Structures are given as structure tokens and as C-alpha cells.
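Breakdown of the fold
Okay, here's what each chain looks like letter by letter:
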Amino acid sequence: MPKWSLRRRPGRTLGLLLLLVLSFLVLRRLNLSTLIPLWLQHQRLGLRTKGPNFMLEDSTFQIFGGSIHYFRVPREYWRDRLLKMKACGLNTLTTYVPWNLHEPERGKFDFSGNLDLEAFIQLAAKIGLWVILRPGPYICSEIDLGGLPSWLLQDPGMKLRTTYHGFTKAVDLYFDHLMSRVVPLQYKHGGPIIAVQLENEYGSYNKDRAYMPYIKKALEDRGIIELLLTSDNKDGLQKGVVDGVLATINLQSQQELKELSSILLSMQGVQPKMVMEYWTGWFDSWGGSHNILDSSEVLKSVSDIIKSGSSINLYMFHGGTNFGFINGAMHFNDYKADVTSYDYDAVLTEAGDYTAKYTKLRELFGTFSGVPPPPPPELTAKMVYEPMSPSFYISLWDALLYLDEPFKSEIPINMENLPVNNGNGQAFGYVLYETTIFSSGVLSGLVRDRGQVFLNRVSIGFLDYKTTKITIPLTQGYTILRILVENRGRVNYGNNIDSQRKGLIGNLYLNNNPLKDFRIYSLDMTKQFFQRFDMNKWSIVPKEPTFPAFFLGALSVGVYPSDTFLKLEGWVKGVVLVNDQNLGRYWNIGPQETLYLPGVWLNKGLNKVIIFEETMAGAIVQSTDVPHLGRNQYVN
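This report concerns the structure included in the present document. (Residues numbered from 1 in each chain as written. Predicted model: local features only at pLDDT ≥ 70, side-chain atom pairs only at ≥ 80, totals over all residues. Heavy atoms only, no water.)

1. Details of the packing of aromatic side chains
Per the counting criterion, the structure on display carries 41 aromatic pairs. For the ring pair tyrosine 70 and tryptophan 78, a centre distance of 6.3 Å and an interplane angle of 85 degrees mean the geometry is edge-to-face. With a centroid separation of 4.5 Å and 50 degrees between ring planes, the pair formed by tyrosine 354 and tyrosine 358 is classed as tilted. In this structure tyrosine 354 comes out as partly exposed when scored by relative accessible area, which is 24%. Accessibility expressed as a relative area gives 3% for tyrosine 358, which makes it buried. Just above the ring of tyrosine 205 sits the side chain of arginine 161; from NZ or CZ to the centre is 4.5 Å. (Phe/Tyr/Trp six-rings, centres within 6.5 Å; stacked < 30°, edge-to-face > 60°. Buried < 20%, exposed > 50% of the residue type's maximum accessible area, 1.4 Å probe, protein only. Lys NZ or Arg CZ within 6 Å of the ring centre and 35° of its normal.)

2. Regarding helix α2 (residues 78–87)
Burial runs high along α2: seven of the 10 residues are buried. By the burial criterion, the buried members of α2 are Trp78, Asp80, Arg81, Leu82, Lys84, Met85 and Ala87. In this structure, the buried side of α2 is in contact with β4 (64–68), β5 (92–96), α4 (117–127), β12 (311–318), α9 (356–369) and β31 (594–597). The first or second residue beyond α2 is glycine 89, which carries a positive phi of 95 degrees. (Helix = DSSP H or I, 4+ residues; strand = E, 2+ residues; numbered from the N terminus. Contact = heavy atoms within 4.5 Å.)

3. Some thoughts on the packing of helix α5 (residues 165–182) against helix α6 (residues 211–221)
Put simply, α5 and α6 touch, their axes get as near as 10 Å, and they point 30 degrees apart. When the axis of α5 is compared with that of α6, the two are roughly parallel. Seen along the crossing, α5 lies across α6 with a hand that is right-handed. Mapping the contact onto sequence places Phe167, Thr168, Val171, Asp172, Phe175 and Met179 in α5 and Tyr211, Tyr214, Ile215, Ala218 and Leu219 in α6. For the contact of α5 with α6, the per-class residue count stands at nine nonpolar, one polar and one charged. (Axes fitted to C-alpha atoms, helices over the stretch in contact; angles between N-to-C directions. Parallel < 35°, antiparallel > 145°, perpendicular 65-115°, else oblique. Left-handed = near helix turned anticlockwise from the far one by under 90°. Nonpolar A, V, L, I, M, F, W, Y, C, P; charged D, E, K, R; others polar.)

4. Focus on the nonpolar core
Counting 127 residues, the largest nonpolar core has Tyr278, Val302, Ile312, Leu314, Phe317, Val576 and Ile611 as the members making the most contacts within it. With eight residues, α5 is the largest single contributor of residues to this core. The residues contacting tyrosine 278, other than those within four sequence positions of it, are Leu251, Gln252, Leu293, Glu297, Val298, Ser301, Val302, Ile305, Ile312, Asn313, Leu314 and Tyr315. Listed in part, the 24 residues of the second largest apolar core include Phe325, Ala399, Leu523 and Phe530. (Core = buried A, V, L, I, M, F, W, Y, C linked by side-chain atoms within 4.5 Å.)

5. Details of the pattern of salt bridges
For the structure on display, the rule yields 28 salt bridges. Measuring nitrogen to oxygen at the nearest pair gives 2.8 Å for the salt bridge that ties aspartate 144 to arginine 490. Remark: arginine 490 occurs in the loop between β22 (479–486) and β23 (503–510) and aspartate 144 occurs in the loop between β6 (130–134) and α5; sequence separation between them is 346 residues. By the burial criterion, aspartate 144 is buried, and arginine 490 matches it. Note that glutamate 486 is salt-bridged to arginine 585, the shortest N-O span being 2.8 Å. (Salt bridge = Lys/Arg side-chain N within 4 Å of Asp/Glu carboxyl O.)

Okay, here's the thing in C-alpha cells:
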């Protein structure tokens with residue numbers, strides 16, 4: 001056997017030298033902090049607790065935070081909103097991460113465009129903001145199902161927010177992907193993330209004591225090394241505490257601050273206090289009033305919180321918009337869906353404009369920090385465009401001819417279990433159910449959330465949570481029964497999130513006899529959905545359109561596209577898309593009366609506008625430079 005040595009293999013020596021040089025060059029280009037063990041790196045202590053204070057490295061640190069959700073703000077405006085946050089005197093950004101938007105299908109992840117979480121966090125760092133990340137998996141946030149993907153509900157035994165295997169298996173796969181993006185952005189790796197929150201307000205849910213320790217371990221096992229936090233309101237604080245995790249509180253009143261601070265002291269001793277959510281306003285529901293909170297009351301509450309030595313996060317600093325169908329809902333006594341606007345009566349308006357709260361808080365934070373904040377950016381331009389009259393139209397019934405073949409089923413199938421989206425079901429939008437009947441009588445069934453009932457093409461009424469029966473008038477022979485069901489938004493908070501399946505739930509009955517043989521159309525109203533309607537499919541708007549219907553028009557925009565608000569007087573209920581961007585729902589029951597249209601989604605010249613209207617169309621769509629969010633109601 002030959003005896004190899006470096007002396008006999010000069011080529012090997014050269015190869016080793018080249019390998020060393022290449023390794024050195026590669027390491028220089030990589031982030032060394034991700035490759036070298038922490039104990040070998042330059043000491044970076046990160047955010048930690050020391051008695052009643054937060055410490056960042058060797059200095060005391062008081063968090064002046066504000067919430068902005070990247071998924072509710074056009075990407076082109078992220079910089080503007082973050083600069084306004086910095087100019088208000090805040091030092092920390094907090095944001096949720098919506099699992100349902102990032103994983104619309106199992107194993108298919110989307111972190112592009114408006115969902116580019118890494119770009120958002122890196123932009124915050126460039127502007128000089130630290131970041132507290134709230135990755136869920138459940139986030140509440142007044143978003144559909146609290147940010148959980150609707151495909152989880154395909155499992156009839158699903159137990160959300162527990163250690164049920166079907167749920168934790170999905171969470172593990174999601175966290176595997178998400179944390180690979182988040183970990184390098186942590187403070188100890190040179191990034192801006194100084195803390196990470198476990199789940200959200202779990203104490204008020206509290207169905208599985210093993211669940212929060214599981215989430216803690218899931219984060220730590222995937223490389224989360226920054227300070228961990230929980231966040232609970234008064235209903236759940238005592239049940240939401242996790243060993244080794246700092247508890248924080250959510251509130252609005254000064255009385256709650258005293259009560260919850262006392263509870264925190266008794267539970268975890270002398271630790272830094274933090275109000276993770278100081279609610280600067282409140283969200284609105286369809287059919288209700290526009291909630292507002294007086295700026296003087298906000299100023300006094302924020303001042304008292306800071307004077308008490310507590311850190312604070314303003315929820316919301318800037319709310320943004322529930323574009324598309326992403327809004328959530330509440331369902332305690334009555335089902336109440338959230339409106340499209342997430343203005344929240346926050347520090348910045350839905351369109352990013354300054355408010356009295358902003359002016360007062362900017363002065364307050366400047367006083368407490370002792371450093372004058374940078375000058376605020378200029379306001380984003382607003383514009384009033386000429387009214388738009390739709391020129392073309394296609395009824396829903398005619399549009400069915402251009403859709404995919406309906407699914408045929410002996411019994412109704414709920415939205416989440418429809419065989420669409422590569423087996424992941426339908427998340428948002430409408431579903432149309434058709435069957436044939438031969439007699440009159442009483443129609444009954446569970447419709448979630450609102451179903452318009454038709455005989456052939458004639459509307460005879462609605463089924464919803466309160467109206468579960470409707471009389472079918474006398475018919476002659478063969479009649480097509482149709483029910484157009486809208487998912488108005490899955491509940492995002494409460495104990496009933498496991499039952500948020502949408503569409504027809506179970507059997508539909510006529511005179512207590514279950515109907516059979518359904519044809520089911522998926523109407524998700526995505527960009528791909530509307531691509532089926534070429535121009536030759538549309539016709540001129542008739543004097544008496546048949547509803548529901550789609551309307552097509554063009555909004556004329558000048559040289560400098562600017563923000564505006566669309567007002568649909570005379571229209572009743574539906575959805576508006578501009579240049580394939582879904583602006584969200586409108587409904588004449590209010591309180592919201594206008595839809596925010598960001599200028600960055602407009603082009604110079606003609607802009608395509610599609611309106612889906614359920615029952616009655618107006619003659620025009622107006623444009624205004626001032627939002628109309630409805631009659632005000634002060635938050636209690």
C-alpha cells in the first residue's frame with residue numbers, strides 16, 4: 001500500500017491553500033455572526049430586563065413603539081409611514097405576521113411584493129427603528145380567522161390554537177420557513193429585532209395549557225434568541241403568563257393601567273412594565289358607528305403610562321386598510337363583520353395623514369426623550385378625479401358561462417372544502433350554489449355569512465345568522481334555486497374560531513327535506529378570476545341591468561396620480577377593483593362611505609375599474625379627497 005504524504009503530493013498542498021483562500025473570501029461576504037457561535041462573537045447583550053428597567057446593551061431603554069402592519073399599507077408607502085413614525089419621536093416598530101396571507105396554500109409561501117416582511121423590517125432599521133415582531137401563529141389583528149389559514153378548517157376535528165396534532169404540524173412547517181427569514185434579522189445577529197411575542201392574548205382563550213410552552217419551544221428551537229414576550233388584555237392576563245417569558249398588557253383606560261400593573265407585580269415581581277397595546281382608537285363594524293377616541297384623552301393616557309415608568313406601544317400608530325377580503329369579524333351575541341377601512345382613529349389616518357393625536361404625541365415624546373424628533377415628511381397628495389360612469393356590464397348569470405365548470409355534489413360543500421386551489425379550498429369571496437326544485441315551501445339552512453336567494457334569476461330575499469328560513473313562492477315545474485353566499489369575514493377573536501367554515505354548512509332543506517344534486521361555483525374574485533372576461537364578453541350597460549352584475553369603467557387620471565377616495569352613492573353592496581387591485585367591500589349600511597384608492601396603484605391616463613354589485617347600481621362613481629368614515633361614536 002503506498003504511503004501518501006504532502007511531500008509526495010505537491011498538488012494537494014496547492015489545493016489546500018486555494019481552499020483556504022476561497023473559504024476566507026466566502027466568509028468575508030457572508031454575515032459572520034450567523035456562522036460563529038455567540039460566545040465567540042463580540043458581546044451583544046440585546047434587550048433584557050434588569051429590575052424595573054429594560055436594558056439595551058449597558059443602557060436603560062424605554063420602548064416608545066407604534067404598530068404598522070405592512071400587509072395593510074401599499075409597499076410604496078412603507079417608507080413614508082415609517083418616517084412619520086420616526087418623526088413622531090418613536091423608537092420601535094411593532095408588526096404582526098399574517099400566516100393566512102403568507103401561506104395561502106399548504107407549503108406554498110408568499111413573501112413577495114406587499115408581503116415582503118424582510119424588506120419591511122430592513123427598511124425600519126435603515127430609518128432608525130427597532131422592531132418587536134409578533135409572528136403568531138394566531139395574531140387576532142381584526143384579520144380573517146385571526147391570521148390563521150382557512151385550509152386548516154378542512155380537518156373536521158381541527159382544534160385551532162392548541163397542541164392538536166393537525167394544528168401543530170402545520171405550525172411547525174410554517175415556522176420552519178418563517179423563522180429562516182426572521183432569525184438573521186435579530187439584534188444579536190446584527191438586525192433590528194429586539195423582541196419577539198408569543199402568540200397573542202392567549203390568556204383569554206386558554207384552551208390548552210401545553211400550547212404556549214409549545215410555541216415558546218418552537219421559536220427557540222428555530223433560532224429565536226431575543227427577549228420573548230406575551231401580550232394579554234384584562235380578561236386573560238392572569239392565565240396568559242408563561243415561565244421565562246415577560247408578560248405585557250393591552251389596555252386603553254388609566255384605570256386598567258393601575259389594575260393590570262398591580263396584577264403584573266403580583267405575578268412576576270419587579271420587572272419592566274410594558275403596555276404592548278395602548279389602543280389609540282378602535283375598529284368599526286358594518287352597520288355600526290365610526291369609533292373615535294378624543295386626542296386629549298389619548299395624550300393624558302400615554303403621558304400617565306410613560307410617567308409610571310412603563311414602556312408603550314401605540315396600537316395602532318397607522319392602521320391602513322383591509323384591502324380585498326382580509327377583514328375579520330366578531331361574534332358574541334351578534335355576528336359583526338369589520339369594515340374595509342382599518343383607520344382605527346389612529347395617530348395617522350387610513351391614508352397616512354397627520355391628526356391632532358400625532359401633533360400632541362410628537363411633542364410629548366420629544367419632551368420625554370429630551371431629543372427633538374426629525375421633521376415630519378410632507379403630506380401625500382390627494383386628488384379629486386372626474387366622476388366615472390361604467391360603460392360595460394355582464395350579469396353574474398351570463399358570466400357563469402366563462403367560468404370553470406361547476407363542481408357537482410350530492411350535498412352542499414362549504415367554501416374551505418371546495419376542490420380548488422390545489423386542494424386547499426377557497427379562502428375568500430363568494431360561492432354560488434345551484435340546485436333544482438319542483439315545489440314551493442319553506443327553505444331553511446345554515447348560511448355563513450350572507451346568502452342571497454334566487455329563483456332562476458329573480459331575487460326573493462336573504463338568509464343569514466338571524467334569518468334562517470325563507471318562503472319559496474309557488475313555482476311551476478322546473479325551477480333553478482340559487483344561493484349566492486358571501487364570506488363576510490371569519491371571526492378573529494373569541495372561543496368560536498373552530499367553527500368559522502363559510503358557505504352552506506350542512507344540508508339545505510325545503511319543507512324539512514334535504515335538497516340534493518348541487519352545482520357549485522367558486523367566485524373568489526381574484527385577478528385570475530377576472531382574466532376570464534375578455535372585452536368581447538362585456539356588453540353596453542342596459543337601462544335595467546340584471547343583478548348581481550359586474551360593471552366595467554375607466555377612471556381618468558392626469559400626469560401625477562394621487563391618492564383619492566371612491567364614493568359609491570346609489571350603489572348598495574359589493575366590491576371594487578382598480579387595475580386588478582381589490583380595494584375591498586362597500587355597503588350602504590355604513591358607517592364607511594368611501595374606499596381608499598392609493599395613488600401608487602393608479603396610472604397616468606385611463607385606469608380599469610371593475611365593480612361587483614349585488615342588488616342595485618348607481619349612475620356614477622365619485623372621487624373625493626376626503627374620506628367619509630361615517631357618524632362618530634366615542635369609544636367607551
